[in-house]
Amino acid sequence: MRNRVWRWTGGLVALVIAVVIFLVPFVFMVFTAGKTQQEASALQFSWPTEWAFFDNLMTVLSTRDFLIVRAFFNSTVLTIGAVAIMVVLGAMVGYVLQRRRSRWNPLINFFVLAGLIIPPAVVPTIWVLQGLGLFKTLVGLIAVHVAFGLSFCILLFRAFVAGIPRELDEAAIIDGAGPVKLFFRVVFPLLRSVIITVVVVQAVFVFNDFTYALYFLPGDQNATVQLTTYNYTSQAVSAWNLLFMNVLLITIPPLIMYIFFQRQIVAGMTSGAVKG
Amino acid sequence: MKSPYPTWFFLPAGVFYVTLFLVPTVASFWFSLTRWTLFDVEFIGIDNYVRFFQEPPLVQGFVNTFIYAFVTSGAKVVLGLLLGVLLSSQIIGRGFTRSVIFFPVLASTIGVGIMFKVLLDPFDGPVNAGLEALGIPGPGWWTDPATALLTVAMVDIWKGVGLATLIFIAGMVAIPQEYYEAAKVDGASSAKTFWNITLPLLQPATATVVLLSLIGGLRSFDLIWAITKGGPGFTSDVLASVVYKQYQAGFFGLSTAGNVVLFVVVAAIIFPLSWWLNRKGDES
């Protein structure tokens with residue numbers, strides 16, 4: 001009896017808290033994004049009297065020569081590039097680090113931990129990027145994300161490799177596989193579930209990143225969506241409908257990721273998550 | 001015989017890590033002692049650090065960093081634990097509620113910042129309009145120097161508490177049911193069960209939440225930048241925003257000194273704390 005009361009009252013209390021505190025702000029955003037400029041400027045929490053959703057969407061997309069479309073393209077290239085490199089290189093390190101006992105391991109483990117905890121020194125990083133001719137380029141930002149994100153990947157991969165039986169390696173070696181073939185043909189495919197986790201978690205992180213883009217890829221021409229949206233705030237102060245449409249647009253990719261990969265995101269966040 | 005686990009597998013990752021993380025980090029110790037324009041470097045000793053701890057706005061950023069980090073991580077532990085307990089018990093709509101609370105973790109920080117800047121607008125914002133309707137005068141949120149930092153901290157908690165909740169839920173699921181059954185047989189009250197079983201066995205989860213939110217809180221930048229830009233005045237500046245402002249103003253040496261201060265602070269808090277928390281975990 002007590003349990004049933006709890007099941008309902010507790011559940012309802014939780015539901016109300018969640019909806020009022022966590023869902024309502026997003027609802028406000030969607031409503032405002034669908035209003036006409038005049039109505040949106042009242043900033044009221046109300047159902048739009050006249051839906052201008054599609055018009056707003058078109059206006060936002062075409063503003064300043066389709067800047068946001070270009071930004072979406074940049075963000076996509078950035079996310080795919082950085083995550084792909086991170087996953088392959090992180091898996092290689094995590095695998096050897098787990099399999100091979102050597103006197104270098106403590107040092108490498110320390111570096112991995114440091115990479116996770118120590119905040120990057122931004123201006124000297126710009127200096128290095130400039131020396132390499134990669135400052136203000138998408139390639140430079142991809143490299144930066146790889147460098148800063150590797151630690152997290154390595155930790156997850158190392159933990160996962162521990163669960164793959166060594167007998168498999170030995171069987172492959174007896175069959176004549178070299179180290180490269182052993183890793184890419186035998187081990188890497190076995191990492192599939194952890195790879196999905198890493199890809200999803202890092203993709204959300206890289207796509208949402210604002211700080212590194214602000215430092216290493218400033219300007220409007222090749223900016224990412226986060227940066228473009230932010231720059232938009234200084235120009236479109238009175239057009240709340242357009243601003244919120246913009247925010248809505250950049251929130252959609254992570255939302256889609258979440259809907260499709262909820263379990264992987266949750267698993268990845270809880271297992272190795274020591275990331276700020 | 002050659003090992004099937006070649007050391008050169010470390011190499012490609014190492015190249016990225018060393019050139020873009022290790023070298024800049026080490027170089028920052030040198031550059032923090034210089035007046036630097038990216039082209040010219042002039043050694044000036046510890047002047048940057050002296051200046052850093054003498055200028056009131058910079059000192060305030062330093063102090064704010066701690067306030068921000070401790071407020072956000074404290075709140076995330078307490079609220080995350082409460083929500084975790086609530087959402088791991090048998091209640092209706094559990095899955096939906098969990099999803100709703102977790103989604104802000106994944107949403108764009110800049111987007112969330114812009115959203116709350118509007119929602120909490122002291123003059124036309126819906127939150128203050130709602131408070132007024134209830135007869136409560138709404139505070140100035142991010143325009144009032146007294147509340148700006150805490151307002152941003154509140155939004156940070158809003159955005160991040162879902163992750164804390166999730167980690168606590170994962171920790172609770174891992175506790176063997178036998179403990180609870182034994183406690184029930186012994187006639188322990190639910191409060192006692194919580195204090196003597198759940199809480200101690202949640203230690204690893206608590207450690208993760210504390211470390212994660214402290215690291216995040218000490219380094220926090222984007223949310224502050226989106227909502228207040230450190231203002232009004234310097235009242236909501238933190239180390240990371242001070243570093244960006246000095247960089248923007250062209251004081252690269254001073255900016256780098258701020259960066260060094262930031263990672264000394266982070267390392268000095270996180271390394272001993274994680275060692276202590278892990279040791280505590282081993283004992284129980």
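Everything discussed here concerns the structure shown above.
First, a word on what this report is: a plain description of the structure on this page. (Residues numbered from 1 in each chain as written. Chains lettered and ligands numbered in written order. Predicted model: local features only at pLDDT ≥ 70, side-chain atom pairs only at ≥ 80, totals over all residues. Heavy atoms only, no water.)

### Notes on the interface of chain A and chain B
- If you look at the interface, chain A gives 93 residues, while chain B gives 83 residues.
- Between chain A and chain B lies a buried interface of about 8,000 Å² when both sides are counted; carbon and sulfur atoms form 80% of it.
- Our count for the chain A to chain B interface comes out at 0 salt bridges.
- Run the count over chain A and chain B and you get 16 residue pairs in polar contact (both at pLDDT 80 or more).
- The element contributing the most residues to the side of chain A that touches chain B is helix H1 (residues 2-33) of chain A, with 18 residues.
- Its residues assigned to classes, the side of chain A that touches chain B comprises 71 nonpolar, 15 polar and 7 charged. (Contact = heavy atoms within 4.5 Å. Buried area = accessible area lost by both parts, 1.4 Å probe. Salt bridge = Lys/Arg side-chain N within 4 Å of Asp/Glu carboxyl O. Polar contact = N/O pair within 3.5 Å; in protein donor to acceptor, adjacent residues only side chain to side chain. Helix = DSSP H or I, 4+ residues; strand = E, 2+ residues; numbered from the N terminus. Nonpolar A, V, L, I, M, F, W, Y, C, P; charged D, E, K, R; others polar.)

### Here we look at the layout of surface pockets
- As a volume, the largest pocket reaches approximately 1,400 Å³.
- Lining the largest pocket are 28 residues, with A:Trp6, B:Ser89, B:Tyr180, B:Ser190 and B:Thr193 sitting closest to its centre.
- Among the elements of the structure, H1 of chain A together with helix H3 (56-88), helix H7 (148-173), helix H8 (177-185) and helix H9 (190-201) of chain B are those that each provide at least two residues to the lining of the largest pocket.
- Residue composition of the lining of the largest pocket, by class: 15 nonpolar, 9 polar and 4 charged.
- Considered as a void within the structure, the second largest pocket measures approximately 640 Å³ in volume.
- In terms of lining, the second largest pocket is formed by 21 residues, of which the most central are A:Val20, A:Ile21, A:Phe22, B:Phe116 and B:Trp158.
- Of all the secondary structure elements, the ones that give two or more residues to the lining of the second largest pocket are H1 of chain A together with H3, helix H5 (109-119), helix H6 (126-133) and H7 of chain B.
- Tallied by class, the residues present in the lining of the second largest pocket amount to 21 nonpolar, no polar and no charged. (1 Å grid on protein atoms, 1.4 Å probe; cavity = no way out; pocket = protein on both sides within 12 Å on 5 of 7 lines; lining within 4 Å. Points joined across faces, edges and corners; volume = space filled by probe spheres on them.)

### Considering a nonpolar patch on the surface
Residue and element names in this part refer to chain A.
- There is a patch of nonpolar side chains on the surface, built from Val13, Val16, Ile17, Val20, Ile21, Val24 and Phe45 and spanning about 550 Å² of accessible area.
- By the secondary structure assignment, Phe45 is in the loop between helix H2 (37-40) and helix H3 (53-99).
- Given a relative accessible area of 42%, Phe45 falls into the partly exposed group. (Patch = residues over 30% accessible without salt bridge, like charges linked within 9 Å, V, L, I, M, F, W, Y side chains within 5 Å. Areas by Shrake-Rupley, 256 points an atom, 1.4 Å probe, with all protein chains shown as cover. Buried < 20%, exposed > 50% of the residue type's maximum accessible area, 1.4 Å probe, protein only.)

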